[in-house]
Amino acid sequence: MTTNAATPLVGEATLQRLRQPNGMTAVRYFLALSLIATHFCVLAGLPLAWWVDGDMVVKSFFVISGFFVLYSYLRTGDVKQYARRRFLRTYPLYFVVVAGSTALGCLFSTLPAGQYFTHPQTWRYLLCNALFLNFAEPSLPGVFTANVMPEVNGSLWFMKVLVGFYILLPFIVWLLRRYGRVSVLAVLFLLSVGYTEWCRHLYATTGQRIFDLLHHQTPGYLPYFLAGMAALLFFDRLRRHLGWWWVVAVGIELTARLADFPLIIHLKPVTYAVVLFTAGWFVRPLRVLHRVPDITYGMYLIHVPVIQALLQECRGTTPWLLLASATAITALLAYYGWLLTKTK
């Protein structure tokens with residue numbers, strides 16, 4: 001079915017409703033703090049002491065991104081303005097974190113400063129990570145080598161996936177307007193499922209890690225981004241029939257846990273979308289943080305090197321004191337990063 005290009009994908013009444021106070025800032029902070037706790041346990045070699053793991057946080061982040069990036073694009077309606085806003089919102093702070101980690105790495109390296117800054121690995125780290133190729137060079141010479149994991153900032157991997165979504169979104173919107181919302185979302189979902197199953201099959205049969213890496217790229221995570229987009233595109237229906245959507249979400253989760261039906265996991269983005277947007281728009285107490293600055297993007301970017309530095313320099317300190325310190329330092333640095341790079 002072809003949709004009239006003049007017909008808005010989301011009605012003005014819905015867009016007005018979305019400008020009202022909501023609890024999504026609180027949801028974002030919960031996810032960011034959960035990720036810090038999870039990564040602290042992993043990097044410190046401790047048992048995971050929190051029920052929300054890193055995989056759940058990242059998938060939730062992609063769902064939320066699908067909703068708000070589409071919302072931002074529909075508000076501007078101009079590809080150039082959209083690209084400029086996305087760049088200014090994400091890359092300057094990202095580069096500050098990468099460059100800052102590279103510069104300050106000399107303080108935590110076993111190498112003298114002169115050798116550190118002339119070492120090829122130092123500049124390879126800066127270049128690769130500045131280009132979102134964290135997998136190509138995740139470490140700096142002599143930095144965090146005594147820690148459980150020597151990677152400087154393993155959490156940066158998600159950025160190349162996110163940038164892929166940013167690039168795809170204008171094209172997806174064009175398809176939505178031309179061929180209809182349901183048809184396009186369904187076809188893209190099936191293509192992503194096919195891609196994921198293909199990568200898994202090749203990894204299982206060949207054992208080559210490249211196929212596992214390909215699985216965890218933009219096409220593999222696309223259903224989560226699409227779920228966020230769908231929550232916006234069908235926001236009024238989601239709101240009116242929320243009870244039924246909870247029945248669907250619980251059914252997916254129970255089937256995934258209890259039944260021998262592996263393909264059901266591909267429907268879990270629906271569960272994520274229902275839970276996240278119920279919390280964000282229908283749990284009133286969470287709206288208390290509506291006007292609090294959202295520094296969670298910076299927290300995602302900064303927390304791992306902060307944790308790594310504390311683990312190296314404060315060995316023997318009570319783990320929960322280290323976690324509290326890492327959280328406070330991360331929040332402070334993220335706030336200053338937000339001040340430095342915020343756009344109107």
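The model shown is predicted, which means the values in this text are computed figures rather than measured ones. (Residues numbered from 1 in each chain as written. Predicted model: local features only at pLDDT ≥ 70, side-chain atom pairs only at ≥ 80, totals over all residues. Heavy atoms only, no water.)

A.B. asks: Run through helix α13 (residues 268-282), naming residues and quoting values.
C.D. replies: Over its 15 residues, α13 runs 21 Å from end to end, which matches the ideal 21 Å to within 8%, given 1.5 Å per residue. Taking burial as the measure, the 15 residues of α13 include eleven buried ones, the bulk of the element. Within α13 the residues assigned to the buried category are Pro269, Thr271, Tyr272, Ala273, Val274, Leu276, Phe277, Thr278, Ala279, Gly280 and Trp281. Close packing links the buried residues of α13 with α1 (12-18), α2 (24-44), α3 (54-76), α10 (218-233), α11 (235-240) and α12 (242-258). (Helix = DSSP H or I, 4+ residues; strand = E, 2+ residues; numbered from the N terminus. Expected span 1.5 Å × (residues − 1). Buried < 20%, exposed > 50% of the residue type's maximum accessible area, 1.4 Å probe, protein only. Contact = heavy atoms within 4.5 Å.)

A.B. asks: Can you break down the side chain of Thr278 residue by residue, with the values?
C.D. replies: Note on placement: Thr278 falls in helix α13. The class for Thr278 is buried, based on a relative accessible area of 13%. Within the structure, the side chain of Thr278 is placed 2.9 Å from the side chain of Trp246, a separation counted as a polar contact. In contact with Thr278, other than residues within four places in its own chain, are Leu242, Trp246 and Val283. (Polar contact = N/O pair within 3.5 Å; in protein donor to acceptor, adjacent residues only side chain to side chain.)

A.B. asks: So what's going on with the environment of Val97? Residues and values would help.
C.D. replies: Residue placement: Val97 occurs in helix α4 (residues 79-104). Taking the relative accessible area as the measure of exposure, Val97 reaches 9% and is therefore buried. Taking the C-alpha atoms as reference points, Val97 and Leu233, separated by 136 residues in sequence, lie 34 Å from one another. Apart from the residues within four sequence positions on either side, Val97 is in contact with Asn153, Leu301 and Ile302.

A.B. asks: Now, about the pattern of salt bridges: what can you tell me, with residues and values included?
C.D. replies: One pass over the structure, following the stated rule, counts nine salt bridges. One salt bridge connects Lys59 with Asp55, and the closest N-O pair in it is separated by 2.9 Å. With Lys59 and Asp55 both in helix α3 and four residues apart, the pair spans about one turn of that helix. Here Lys59 falls in the buried class, since its relative accessible area comes to 16%. With a relative accessible area of 38%, Asp55 lands in the partly exposed category. Asp236 is the salt-bridge partner of Arg239, the closest N and O atoms lying 3.6 Å from each other. Placement of the pair is Arg239 and Asp236 together in helix α11, with a separation of three residues, close to one helical turn. A relative accessible area of 34% places Arg239 in the partly exposed class. Bridged by salt links that share partners, the residues Arg17, Asp236 and Arg239 form one connected network. (Salt bridge = Lys/Arg side-chain N within 4 Å of Asp/Glu carboxyl O.)

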